[in-house]
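Chain by chain, the residues:
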Amino acid sequence: MLAQRMSLFPASGTAGARAAAKAAAAGGREVLDLSAGEVICEPAGGAVAGAIAALKRGENRYTDTVGIAPLREAIARRLSSETGQVWSADEVAVTAGAKQGLFNAAMAVLNPGDEVLVPVPYWTTFPAQVLLAGGKPMHIDTRANGYLPRIEDLRAALTPATRAIIINTPNNPTGTVYDRVLLGDIAELAIDARIWVVFDECYGSFVYDPLRHHNIVSVVPEVRSRTLVVNAFSKQLALTGWRLGYVAGPPEVIAAIKALQGHTTSNPNVIAQHGVLAHLLHERDAGFERGLHHRLCQARSAGLEILAGLEREPVPTAQGGFYFYLDLARLLTARPRAGAIADADDVTRVLLEEAGVAGVSGTAFGDPSGLRLSYGAPVEILLPALRRVVGVLNGMTSPEHIRVVA
Ligand code: PLP
């Protein structure tokens with residue numbers, strides 16, 4: 001018999017999509033996998049060298065629960081240069097990936113029944129963690145506004161129970177980037193309503209010209225005392241499996257997170273900590289991050305050129321991150337295959353079965369009319385996969401297909 005809390009959330013939709021792709025491949029199918037939430041490449045060399053050196057030095061023991069001091073200091077220095085404000089190590093907790101950072105943040109600030117504003121489409125884990133912490137996700141639909149929340153919708157959703165808002169820019173899955181005006185409005189709303197801002201900037205290194213990533217704290221410094229910045233090295237250094245991220249915020253919240261982490265996982269992996277520290281100290285200015293950005297820029301441009309061939313779906317804006325997010329609303333209204341295809345789950349299944357292309361259905365992100373395709377995949381997989389996607393989507397309402405189903 002399981003605890004009641006286990007029925008609060010479904011299993012991760014993105015993990016499910018990856019599993020479906022793997023199962024198809026294990027069954028002998030050629031699968032072009034665009035479902036992964038990571039860039040498929042070697043991790044940052046400086047971090048690898050730092051990790052190897054740490055192993056050789058025999059760094060095998062527990063560390064401070066929220067990370068070794070030099071790493072917290074290096075993160076604080078980086079935040080200081082990114083936000084133009086001074087940060088110190090006691091405002092930083094290093095966590096096992098951003099996912100643990102977000103979970104700890106939810107546990108540290110939410111009381112049972114607290115409401116949390118979550119723009120939809122959302123990264124699949126946000127509402128699950130709010131529920132686990134006893135809170136209530138309040139979904140704000142952004143689909144009619146270019147996948148950005150309208151400030152009036154956010155204000156209308158405020159109640160006396162509202163305790164926090166989760167902002168993720170660049171956004172997973174949609175790739176949208178919040179501009180300074182919107183961030184300023186959100187900061188003002190948070191200050192007026194006295195709520196927390198959980199600011200997830202895991203994809204902050206991946207924003208494409210002419211846009212720029214802005215941390216809400218650098219736009220409105222007054223919001224800093226109620227902001228928990230969450231970030232990770234997972235995506236920016238291509239070491240998702242190492243599990244290293246952080247939360248930065250007021251020292252009393254960081255102290256609470258330390259107490260919580262002390263009873264759950266203790267410190268994040270020591271070797272990963274030393275590896276990332278080496279990157280931050282010695283390699284940060286080297287070419288790795290620039291090279292990764294360049295690769296993604298090229299993949300994005302080549303991908304968008306192919307997606308321009310879609311007859312019904314608007315070409316995605318893909319302003320940041322490494323996801324193309326397709327709006328399938330017009331396709332679904334056309335009742336593809338005589339109504340046999342009703343939502344993005346069906347489209348995703350057909351793409352896997354007929355084109356051998358794995359993506360993630362928008363239902364994983366609270367949007368039954370979206371489809372996420374990652375351009376973190378190697379280009380030799382990405383480009384043929386996108387050509388197949390265009391072919392299948394364009395052909396989905398053709399008379400031959402209707403006949404096949406009928
Ligand atoms: N936040 C967002 C928006 C993400 O997309 C992800 C991973 O996909 C995470 C947090 C978690 O990152 P990590 O792998 O560092 O836990």
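Computed from a predicted structure; not experimentally measured.

**Student:** Would you take a moment to explain the overall build of the protein for this structure?
**Tutor:** When you go through the protein residue by residue, the secondary structure sums to 15 helices and twelve strands. Computed over its C-alpha atoms, the radius of gyration of the protein comes to 21 Å, within 12% of the 22 Å expected for a compact globule of 406 residues. Taken over the C-alpha atoms alone, the protein extends approximately 65 × 55 × 55 Å along its principal axes. Burial statistics for the protein: of 406 residues in total, 55% are counted as buried. Within the protein, contacts between residues separated by at least 24 positions form 74% of all contacts whose residues are at least 6 apart in sequence. Accessible surface, the protein: about 16900 Å² in total, of which carbon and sulfur atoms supply 55%. Of the charged side chains in the protein, 37 are positive and 39 negative; the average position of the first set lies 3 Å away from that of the second.

**Student:** Before we go on, may I ask you to explain the environment of V389 in this structure?
**Tutor:** Inspection of the secondary structure puts V389 in helix α14 (residues 379-395). Relative accessible area serves as the criterion here: at 0%, V389 is assigned to the buried category. The sequence separation of V389 and A358 amounts to 31 residues, and the corresponding C-alpha distance is 9.7 Å. Apart from the residues within four sequence positions on either side, V389 is in contact with L326, L351, V357 and L373.

**Student:** Honestly, the pairing of strand β9 (residues 323-327) in this entry has me stumped. Any pointers?
**Tutor:** On any regular strand, side chains alternate: one points to one face of the sheet, the next to the other face. Where burial is concerned, most of β9 is hidden: four out of the five residues are buried. Two elements, β9 and strand β12 (residues 370-374), share five bridges in a ladder whose sense is antiparallel. If you follow F324 over to β12, its bridge partner there is L373.

**Student:** Looking at this model, I keep getting lost on the packing of aromatic side chains. Mind explaining?
**Tutor:** Two aromatic rings, taken as a pair, are described by how far apart their centres are and by the angle between their planes. Taken as a whole and judged by the stated rule, the model has ten aromatic pairs. Both rings, one in F233 and one in Y246, keep their centres 5.7 Å apart while their planes meet at 45°; by these two values the pair is tilted. Remark: Y246 occurs in strand β8 (residues 245-248) and F233 occurs in the loop between β7 (227-232) and β8; sequence separation between them is 13 residues. F233 gets classed as buried once you look at its relative accessible area, which sits at 0%. Members of the aromatic cluster, each reached through a chain of ring pairs, are Y203, F206, F322 and Y323.

**Student:** For this particular structure, what's the right way to read the packing of helix α4 (residues 97-109) against helix α9 (residues 251-262)?
**Tutor:** Two packed helices can be described by the angle between their axes and the distance between those axes. Viewed as axis vectors pointing N to C, α4 and α9 meet at an angle of 110°, and their least axial separation amounts to 9 Å. Viewed along their axes, α4 and α9 adopt a mutual orientation that is roughly perpendicular. On the side of α4, the interface is formed by Q100, N104, A105, M107, A108 and V109, while α9 contributes V253, A256, I257, L260 and Q261. Here the residues of the contact of α4 with α9 sort into eight nonpolar, three polar and no charged.

**Student:** Just checking my understanding: could you explain the sheet that holds strand β5 (residues 162-168) for this structure?
**Tutor:** Strand-to-strand pairing in sheets goes through backbone hydrogen bonds, with the strands running parallel or antiparallel. With mixed pairing, seven strands are arranged side by side in an open sheet as β2-β8-β7-β6-β5-β3-β4. Only two strands of the sheet have a single partner each, and these edge strands are β2 (92-95) and β4 (136-141). Going from strand to strand, the sheet's axes swing by 20° on average, the running direction of each strand aside. Pairing between β7 and β8: four bridges, direction antiparallel. Bridge pairing in β8 places N231 opposite Y246. Running at roughly 115° to β2, helix α3 (residues 69-83) makes contact with β2, β7 and β8 of the sheet.

**Student:** Is there a simple way to think about the pairing of β8 in this case?
**Tutor:** By the alternation rule, side chains of β8 split into G245 and V247 and Y246 and A248, which are all buried. As judged from the four bridges shared by β2 and β8, these two strands associate in the antiparallel manner. If you follow V92 over to β8, its bridge partner there is A248.

**Student:** I keep staring at α3 and nothing clicks. Help me out?
**Tutor:** Three- or four-residue spacings in an α-helix give side chains the same orientation, since the helix completes a turn every 3.6 residues. In this model α3 runs 21 Å from its N-terminal to its C-terminal C-alpha over 15 residues, within 8% of the 21 Å that 1.5 Å per residue would give. Immediately beyond the C-terminal end of α3, within one or two residues, lies G84, with a positive phi of roughly 70°.

**Student:** What exactly am I supposed to notice about the site of the ligand here?
**Tutor:** Taken together, 14 residues sit near the ligand, with N172, D200, S234, K235 and R243 positioned nearest. Here an oxygen atom of the ligand and a backbone polar atom of K99 are 2.9 Å apart. Here an oxygen atom of the ligand sits 2.6 Å away from a polar atom, N or O, in the side chain of K235. Here the ligand, which alone exposes 400 Å², has 93% of that area covered by the protein.

**Student:** Which parts of the structure should I look at to understand the confidence of the model for the protein?
**Tutor:** A low pLDDT means the predicted coordinates there should not be read in detail. Scored by pLDDT, the protein comes out at a mean of 94, with 97% of its residues at no less than 70. Counting interchain partners and residues more than four positions distant, the pLDDT-below-50 stretch residues 402-406 has five contacts.

**Student:** Looking at this structure, I do not really get the pattern of salt bridges. What am I missing?
**Tutor:** Side-chain pairing between opposite charges can occur once the charged atoms of the two side chains come close. Going through the model one piece at a time under the given rule, you end up with 14 salt bridges. Across the pair D141 and R143 runs a salt bridge, and its minimum N-O distance is 2.9 Å. Between R349 and E353 there is a salt bridge whose closest N-O contact spans 3.9 Å. Within this pair, R349 and its partner E353 are both found in helix α13 (residues 344-355), separated by four residues, close to a single helical turn. Overall, the relative accessible area of 38% leaves R349 in the partly exposed class.

What counts, and at which threshold
- Residues numbered from 1 in each chain as written.
- Predicted model: local features only at pLDDT ≥ 70, side-chain atom pairs only at ≥ 80, totals over all residues.
- Heavy atoms only, no water.
- Helix = DSSP H or I, 4+ residues; strand = E, 2+ residues; numbered from the N terminus.
- Rg over C-alpha atoms; globule rule 2.2 N^0.38 Å.
- Buried < 20%, exposed > 50% of the residue type's maximum accessible area, 1.4 Å probe, protein only.
- Contact = heavy atoms within 4.5 Å.
- Areas by Shrake-Rupley, 256 points an atom, 1.4 Å probe, with all protein chains shown as cover.
- Lys, Arg positive; Asp, Glu negative; His and termini not counted.
- Charge placed at Lys NZ, Arg CZ, Asp CG, Glu CD.
- Pairing = 2+ DSSP bridges.
- Phe/Tyr/Trp six-rings, centres within 6.5 Å; stacked < 30°, edge-to-face > 60°.
- Axes fitted to C-alpha atoms, helices over the stretch in contact; angles between N-to-C directions.
- Parallel < 35°, antiparallel > 145°, perpendicular 65-115°, else oblique.
- Nonpolar A, V, L, I, M, F, W, Y, C, P; charged D, E, K, R; others polar.
- Expected span 1.5 Å × (residues − 1).
- Near = heavy atom within 4 Å.
- Polar contact = N/O pair within 3.5 Å; in protein donor to acceptor, adjacent residues only side chain to side chain.
- pLDDT = per-residue confidence, 0-100.
- Salt bridge = Lys/Arg side-chain N within 4 Å of Asp/Glu carboxyl O.

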